[in-house]
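Below, each chain spelled out in residue letters.
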Amino acid sequence: MSLTTDQPDPGINQQWGGRFSAGPSEIMQRINTSLGFDRRLVRQDLAASKVHAAMLATCGIVTDDEAAQIRAGLDQILEEIETGRFVFKAELEDIHMNVEARLAELIGAAAGRLHTARSRNDQVATDFRLWVRDALDRLDGEIATLQAGLVAQAERHAGTVMPGFTHMQPAQPVTFGHHLLAYVEMLRRDRSRMRDARARLNECPLGAAALAGTGFPIDREATARALGFDRAMANSLDAVSDRDFALEYLAAAAILAVHLSRLAEEFVLWCSPAYGFVRFSDAYTTGSSIMPQKRNPDAAELVRAKAGRVFGALQGLLTVVKALPLTYAKDLQEDKEPVFETDDTLGLCLAAMTGMVHDLTADPQAMRAAAIPGHPTATDLADWLVRVLGLPFRQAHHVTGRLVRLADERGVGLADLDLESLRSVESRITEDVHAVLTVEASVASRNSLGGTAPDRVRAAARTMQEQMR
């Protein structure tokens, strides 16, 4: 059969045309195909293709009629996908070739015009950037929802006293609301990192073609603007080979996963009988197959564990990219699965954490009781010695340490030492010192910016609510 006819030669690989005289082996097809995961890019692919076709028509590279046919065909493909009628064909390797082949079935020869002045290299890079941009926007909203739940609980517990720890040892009393707002701050930074990553990725590769640009008189800035990018990428080699945007997404995601895991760890500790600070309902706990009394915080434990998957995704893509010379290599097909999996993982973890935050019931009495042992108001005593008696802080620290030892020897708290006992170490101490030795007095006194005083916590919660609007 002549290769100049309109009929395909059955001996030719239809995907790659005349250069290949036979199709790939079954193993080659299996390792080469990406359709199983890159079909997620279909909406971005269709949107970018419509913009590209419109630009080609504006620049006189295709006719207006051809562009209209392409647009109509792409719209029909989107409708078929949304209604579940689109037939995905694994032998066509990826979502891009599936769309192109279906477009040819729908509109005929005009479909072949769409790939003018572009390559799959810049096409994929553009689609992937659009997808990650959408994922970052969605993630921002999901993080904000978790923040809102934490702020609501913080307001509710602005005055609930609990132990604050360093080295997992009782340090100073804080409020539960203050503790929760610390995670709101972490999430605020996470959102900031996501927004920074979005700003940097918002450059358009489309029109860079395979690697060197194109000889057609295209308007790359027009396609960039139409797709919501700030500008076209300045270097065609960089445009098709850069995956910084995916790495930044994964790096920001990994830090977010750290924060979610830390909060999940606290939930696991707090709901254990040893702490008893919070309780979760049946909605976020499970039982035991053998121990009827058990209420296990499996949702929190799984969030804690899934952080490892996100860390692995970042490390995996760093390893893929680290030794790639310019420009494109098939290795870059491995860029999408870690990003897609991370998006799924974070979406599930954020939903679970938001649910747990709304579900938890705090036990203020248990928290306060846990804040008493360990002499947590020792610093308040040292501060009183500085403020009232004028002692240098180091001397006040030494006096307080001796009083702590005395309290330990007698098996009581600092607040339980009588005036005579206190004066046995520092004769100028007065009865007024007892007013600063309660946990309530301690948290109330921490009224500096960022402190744990209930009024500060309420004010911080209000500020955060305003910032999130």
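Residues numbered from 1 in each chain as written. Predicted model: local features only at pLDDT ≥ 70, side-chain atom pairs only at ≥ 80, totals over all residues. Heavy atoms only, no water.

### Quick notes on the overall build of the protein
What the protein contains, in helices and strands, is 18 helices and 6 strands. Its C-alpha atoms give the protein a radius of gyration of 31 Å, clearly above 23 Å, the size a compact globule of 469 residues would have. The principal-axis extent of the C-alpha atoms belonging to the protein is close to 110 × 55 × 40 Å. Counting only residues that meet the buried cut, the protein has 47% of its 469 residues in that class. When the accessible surface of the protein is split by element, carbon and sulfur atoms take 53% of a total near 22,600 Å². The protein carries 51 positive and 62 negative side-chain charges, and their two centres are separated by 4 Å. (Helix = DSSP H or I, 4+ residues; strand = E, 2+ residues; numbered from the N terminus. Rg over C-alpha atoms; globule rule 2.2 N^0.38 Å. Buried < 20%, exposed > 50% of the residue type's maximum accessible area, 1.4 Å probe, protein only. Areas by Shrake-Rupley, 256 points an atom, 1.4 Å probe, with all protein chains shown as cover. Lys, Arg positive; Asp, Glu negative; His and termini not counted. Charge placed at Lys NZ, Arg CZ, Asp CG, Glu CD.)

### Section: the packing of aromatic side chains
Following the criterion strictly, the structure yields 8 aromatic pairs and no others. On the basis of an interplanar angle of 70° and a centroid distance of 5.3 Å, the ring pair of Phe128 and Phe245 is categorised as edge-to-face. In this pair, Phe128 is assigned in helix α6 (residues 120-156) and Phe245 in helix α10 (residues 244-270), connecting sequence segments 117 residues apart. Both residues of the pair, Phe128 and Phe245, count as buried. With 4.6 Å between their ring centres and 65° between their planes, Trp131 and Phe340 make a pair best called edge-to-face. A residue pair is termed long-range when its members are at least 10 positions apart, and Trp131 in helix α6 and Phe340 in helix α12 (residues 336-359) qualify at 209 residues. (Phe/Tyr/Trp six-rings, centres within 6.5 Å; stacked < 30°, edge-to-face > 60°.)

### Regarding unusual backbone geometry
Geometrically, the link from Leu326 to Thr327 is a cis peptide bond, its omega value of 10° lying close to zero. Relative to the helices and strands, Thr327 resides in the loop between α11 (298-321) and α12. In this structure, His167 takes a positive phi of about 55° despite not being glycine. Note that His167 resides in the loop between β1 (161-166) and β2 (169-175). Of note, the phi angle at Met168 is positive, near 60°, even though the residue is not glycine. With respect to the element layout, Met168 can be found in the loop between β1 and β2.

### Some details on the pattern of salt bridges
Evaluation of the coordinates by the stated rule reveals 30 salt bridges. Measuring nitrogen to oxygen at the nearest pair gives 2.5 Å for the salt bridge that ties Arg40 to Asp344. Taken together, the residues span a long stretch of sequence, with Arg40 in the loop between α2 (35-38) and α3 (42-58) and Asp344 in helix α12 at a distance of 304 residues. Note that Glu105 is salt-bridged to Lys89, the shortest N-O span being 3.4 Å. Taken as a pair, Glu105 in helix α5 (residues 95-107) and Lys89 in the loop between α4 (64-82) and α5 lie far apart in primary sequence, 16 residues in all. Residue Lys89 is classed as partly exposed on the basis of its relative accessible area of 29%. Three or more residues joined by partner-sharing salt bridges are found here, namely Glu80, Lys89, Arg102 and Glu105. (Salt bridge = Lys/Arg side-chain N within 4 Å of Asp/Glu carboxyl O.)

### A short note on a negative patch on the surface
Together, Asp418, Glu420, Glu431 and Asp432 make up a region of like negative charge exposed at the surface. Its place among the elements puts Glu420 in helix α16 (residues 419-423). For Glu420, a relative accessible area of 66% translates into the label exposed. (Patch = residues over 30% accessible without salt bridge, like charges linked within 9 Å, V, L, I, M, F, W, Y side chains within 5 Å.)

### As for the pairing of β1
Relative to β2, β1 runs antiparallel, the two being bridged by 6 bridges. Bridge pairing links Thr166 to Gln169 in β2. Adjacent in sequence and paired antiparallel, β1 and β2 are bridged by 2 residues, among which His167 carries a positive phi angle near 55°. (Pairing = 2+ DSSP bridges.)

### A closer look at the environment of Arg198
Tracing the backbone shows Arg198 in helix α7 (residues 176-201). With relative accessibility at 26%, the residue Arg198 sits in the partly exposed group. Each C-alpha atom, one on Arg198 and one on Asp137, is 8.3 Å from the other, the two residues being 61 residues apart in sequence.

### Structural notes on the side chain of Gln333
The topology assignment puts Gln333 in the loop between α11 and α12. A distance of 3.1 Å separates a polar atom in the side chain of Gln333 from the backbone oxygen of Asn32. (Polar contact = N/O pair within 3.5 Å; in protein donor to acceptor, adjacent residues only side chain to side chain.)

### Some details on the packing of helix α14 (residues 378-389) against helix α15 (residues 393-410)
Contact geometry for α14 and α15: axes closest at 8 Å, N-to-C directions at 135°. What the angle tells us is that α14 and α15 run oblique. Relative to α15, the crossing made by α14 is right-handed. Residues Ala378, Leu381, Ala382, Asp383, Leu385 and Val386 of α14 form the contact with α15, whose participating residues are Phe393, Ala396, Val399, Thr400, Leu403 and Val404. Among the residues forming the contact of α14 with α15, the class breakdown is 10 nonpolar, 1 polar and 1 charged. (Axes fitted to C-alpha atoms, helices over the stretch in contact; angles between N-to-C directions. Parallel < 35°, antiparallel > 145°, perpendicular 65-115°, else oblique. Left-handed = near helix turned anticlockwise from the far one by under 90°. Contact = heavy atoms within 4.5 Å. Nonpolar A, V, L, I, M, F, W, Y, C, P; charged D, E, K, R; others polar.)

### Description of the confidence of the model for the protein
Here the protein averages 93 in pLDDT, and 95% of its residues register 70 or above. In the model, residues 1-13 has pLDDT below 50 throughout and makes 17 contacts with residues more than four positions away in sequence or in other chains. (pLDDT = per-residue confidence, 0-100.)

### Thoughts on a nonpolar patch on the surface
A surface patch of nonpolar side chains, about 270 Å² in accessible area, is lined by Leu211, Leu237 and Leu326. Mapped onto the elements of the fold, Leu211 is located in the loop between β3 (203-204) and α8 (220-226). On the basis of relative accessibility, which here comes to 37%, the residue Leu211 falls in the partly exposed class.

### Overview of the side chain of Thr354
Take Thr354: it is sitting in helix α12. A residue is classified by how much of its surface remains accessible, and Thr354, at 12% relative accessible area, is buried. A distance of 2.8 Å separates the side chain of Thr354 from the backbone oxygen of Leu350, its partner in a polar contact. Non-local contacts of Thr354, meaning those with residues more than four positions away in its chain, are made with Thr145 and Leu146.

### Some thoughts on the state of the cysteines
Inspection of the entire model under this criterion finds 0 disulfides. Free cysteine Cys204: the closest other cysteine sulfur is in Cys59, separated by 14 Å. In this structure Cys204 comes out as buried when scored by relative accessible area, which is 0%. Cys271 carries a free sulfur, and the closest cysteine sulfur to it, the one in Cys349, is 17 Å from it. (Disulfide = S-S within 2.5 Å.)

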